[in-house]
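A structural walkthrough
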Amino acid sequence: QVQLVESGGGLVQAGGSLRLSCAASGRTLRTVGWFRQAPGKEREFVAAFSWIDPAYYADSVKGRFTISRDNAKNTVYLQMNSLKPEDSAVYYCAIQSGHGYDASSFGSWGQGTQVTVSS
């Protein structure tokens, strides 16, 4: 089973940028997604990369975040620009195991990386 490790989180001021990385232990052709979870809130979908379909984004990040994939490195990236305090959360990557873009349709979760955006 492919294992995922996220990195790249940190503290940034509002309006700043971060790039998250999701490194896979092996190659997968499945859709890879990014999710986030803020304290007291449910894990929510952020973005997904598929080899077949165009990248898919949550409305809240559309135009600010970009998901990409480097197949040679087995890594999926999430470029986050124009960050807002409400983007603060633990960010996770996962592999789609079912249909849809809810958390229950994904598995092989990484350990997460913390993103904190100060105002």
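Everything numeric here is computed off the predicted structure, so don't read it as measured data. (Residues numbered from 1 in each chain as written. Predicted model: local features only at pLDDT ≥ 70, side-chain atom pairs only at ≥ 80, totals over all residues. Heavy atoms only, no water.)

**Some details on the overall build of the protein**
- If you tally the helices and strands in the protein, you get zero helices and eleven strands.
- Helices (α) and strands (β) of the protein occur, in sequence order from the N terminus, as β-β-β-β-β-β-β-β-β-β-β.
- Since a compact globule built from 119 residues should have a radius of gyration of about 14 Å, the 13 Å found for the protein is in line with a globular shape.
- Along the three orthogonal principal directions, the C-alpha set of the protein runs to about 40 × 30 × 25 Å.
- For the protein, the computed accessible surface area is about 6,300 Å², with 48% contributed by carbon and sulfur atoms.
- Counting 11 positive and 9 negative side-chain charges, the protein places the averaged centre of each group 6 Å from the other. (Helix = DSSP H or I, 4+ residues; strand = E, 2+ residues; numbered from the N terminus. Rg over C-alpha atoms; globule rule 2.2 N^0.38 Å. Areas by Shrake-Rupley, 256 points an atom, 1.4 Å probe, with all protein chains shown as cover. Lys, Arg positive; Asp, Glu negative; His and termini not counted. Charge placed at Lys NZ, Arg CZ, Asp CG, Glu CD.)

**Remarks on the packing of aromatic side chains**
- If you walk through the whole model with that rule in mind, you get seven aromatic pairs.
- Ring centres 5.0 Å apart and planes at 65° place the aromatic pair F35 and W109 in the edge-to-face group. Here F35, found in strand β4 (residues 32–37), pairs with W109, found in the loop between β10 (106–107) and β11 (113–118); they are 74 residues apart in sequence, far enough to count as distant.
- With a relative accessible area of 0%, F35 lands in the buried category. (Phe/Tyr/Trp six-rings, centres within 6.5 Å; stacked < 30°, edge-to-face > 60°. Buried < 20%, exposed > 50% of the residue type's maximum accessible area, 1.4 Å probe, protein only.)

**Considering the environment of A48**
- Within the secondary structure, A48 is located in strand β5 (residues 44–49).
- Classification of A48 as buried rests on a relative accessible area of 2%.
- Those residues within four positions of A48 in sequence are excluded, and the remaining contacts are T31, V32, G33, A55, Y56, I67 and Y101. (Contact = heavy atoms within 4.5 Å.)

**Re the nonpolar core**
- Residues W34, V46, F65, I67, L78, M80 and Y91 are the most contacted members of the largest nonpolar core, which totals 32 residues.
- Elements represented by at least two residues in this core include exactly β3 (18–24), β4, β5, β7 (65–70), β8 (75–80), β9 (89–96) and β11.
- Apart from the residues lying within four places of it in its own chain, the contact partners of F65 are R36, V46, Y57, L78, Q79, M80, N81, L83, D87 and Y91. (Core = buried A, V, L, I, M, F, W, Y, C linked by side-chain atoms within 4.5 Å.)

**Here we look at the pairing of β11**
- Across the two faces of β11 the burial differs, with T113, V115 and V117 buried and Q114, T116 and S118 not buried at all.
- Pairing of strand β2 (residues 10–13) with β11 involves four bridges; the strand directions are parallel. Looking at β11, one finds that G10 is bridged to V115.
- Pairing geometry for β9 and β11, over three bridges, is antiparallel. Bridge pairing in β11 links A89 to V115. (Pairing = 2+ DSSP bridges.)

From the geometry alone we can't say anything about function, so treat these as descriptive.
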